[in-house]
Amino acid sequence: MAEKPQPVRVLYCGECGLPAEYCEFGPDFEKCKPWLIQNVPDLYPDLLKEADVKDADKVSDQLQSTSISGGSSKPKQEEVKRLPGGKIKKKEKQEVIIEKMTRNKRKCITTVKGLELFGVKLSDASKKLGKKFATGASVTKGPTEKEQIDVQGDISYDIVEFITDTWPDVPEAAIFFIEDGKKVPAA
Ligand SMILES: [Zn+2]
C-alpha cells in the first residue's frame, strides 16, 4: 500500500500563536521550543538535537557520579587465607611468654606459656624446669584454658638461656617477659 500524501496542515504554536514554522521569528522562540518539540518535532530538527544533547549530558553526569561513588569507595576485599574447609586460618603467633607472679611477698611463681607452639611437650618441659631450678614445676591450665607451666620461685633471670639451650627450636627473639603488664622482649 502506497502512502497517501498528507495534506499540509498549518499548525499554530500553542505558545506564541504564530504558525509553527514562524516561531523562530516570533517574540520568544525560547518559550516556544518545548511546545514545538512536543507537537511538531519534525519542524525544527535542531531543537531535538539540542534536547538530546542535554539529556545525554544528564545521563553521562549520572553515570559519572555513580561510577565515582560506586567505584572508588568500594571496600577493598581483605586478603584472608582460607583453609580448604573455608575456615579462616588464624595463625597463632609463635611466642613464649614468661610472667613472674608474686602471690604474696614471699611466694613467687614464674609461668611459661607457649612452649607447645614450638613443638615442646609441656609435661616434659615442666620436669626439666623443675630439675634445673630445683623447684616445683607443673603443667596447669591458664585463664584461657590453655596449658602453661608454673614454676615455683623467680627463675626469670635464667630461664631464657635454659629454654634456648634445651629447645634450640625456640629462638630467643620469640621469648617475651610480661613486666608490669607490658610485653618486653627477652632478646
Ligand atoms: Zn511559537
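Analysis parameters
- Residues numbered from 1 in each chain as written.
- Predicted model: local features only at pLDDT ≥ 70, side-chain atom pairs only at ≥ 80, totals over all residues.
- Heavy atoms only, no water.
- Helix = DSSP H or I, 4+ residues; strand = E, 2+ residues; numbered from the N terminus.
- Contact = heavy atoms within 4.5 Å.
- Areas by Shrake-Rupley, 256 points an atom, 1.4 Å probe, with all protein chains shown as cover.
- 1 Å grid on protein atoms, 1.4 Å probe; cavity = no way out; pocket = protein on both sides within 12 Å on 5 of 7 lines; lining within 4 Å.
- Points joined across faces, edges and corners; volume = space filled by probe spheres on them.
- Nonpolar A, V, L, I, M, F, W, Y, C, P; charged D, E, K, R; others polar.
- Salt bridge = Lys/Arg side-chain N within 4 Å of Asp/Glu carboxyl O.
- Buried < 20%, exposed > 50% of the residue type's maximum accessible area, 1.4 Å probe, protein only.
- Pairing = 2+ DSSP bridges.

Colleague: Would you mind showing me how to read the overall build of the protein here?
Modeller: Within the protein, the secondary structure is distributed over four helices and six strands. Expressed as a percentage of contacts within the protein between residues at least 6 apart in sequence, the contacts between residues at least 24 apart total 37%. Counting only carbon and sulfur atoms, one obtains 52% of the accessible surface of the protein, whose full area is about 14,400 Å².

Colleague: Any chance you could explain the layout of surface pockets here in plain terms?
Modeller: The gaps left among the atoms become clear once a water-sized probe is rolled over them. Space inside the largest pocket adds up to approximately 190 Å³. Together, 14 residues line the largest pocket, and Ile-97, Lys-113, Gly-114, Thr-144 and Lys-146 are the ones closest to its centre. Each residue belonging to the lining of the largest pocket can be placed in one class, and the counts come to three nonpolar, four polar and seven charged. Approximately 160 Å³ is the volume found for the second largest pocket. Contributing to the lining of the second largest pocket are Ile-98, Lys-100, Ser-156, Tyr-157, Phe-177, Ile-178, Glu-179 and Asp-180. Considering each element in turn, the lining of the second largest pocket owes the most residues, three residues, to strand E5 (residues 175-179). Taken together, the residues that form the lining of the second largest pocket break down as four nonpolar, one polar and three charged.

Colleague: How do you make sense of the pattern of salt bridges when you look at a structure like this?
Modeller: Oppositely charged side chains can pair when the atoms bearing their charge come close. On inspection of all chains with the given rule, the structure shows seven salt bridges. Of the charged contacts in the structure, one is a salt bridge between Glu-95 and Lys-93, with a shortest N-O distance of 3.6 Å. The class for Glu-95 is buried, based on a relative accessible area of 11%. Between Lys-141 and Glu-145 there is a salt bridge, and its shortest N-O distance comes to 3.8 Å. In this structure Lys-141 comes out as exposed when scored by relative accessible area, which is 55%. Residue classification places Glu-145 among the exposed positions, given a relative accessible area of 55%. A cluster of three or more residues bridged by salt bridges with shared partners is formed by Lys-93, Glu-95 and Lys-183.

Colleague: Just checking my understanding: could you explain the pairing of E5 for this structure?
Modeller: Looking along a regular strand, one sees side chains alternate from face to face of the sheet. Among the five residues of E5, four are classified as buried, and the element is accordingly described as predominantly covered. As judged from the four bridges shared by strand E1 (residues 96-102) and E5, these two strands associate in the parallel manner. The residue of E5 that forms the bridge with Ile-98 is Phe-177. Of the strand pairs in this sheet, E5 and strand E6 (residues 182-185) are connected by four bridges, and their pairing is antiparallel. Residue Glu-179 lies in a different strand from E6, and its bridge partner there is Lys-182. In sequence, E5 turns back onto E6 through a hairpin of two residues, with Asp-180 there showing a positive phi of about 55°.

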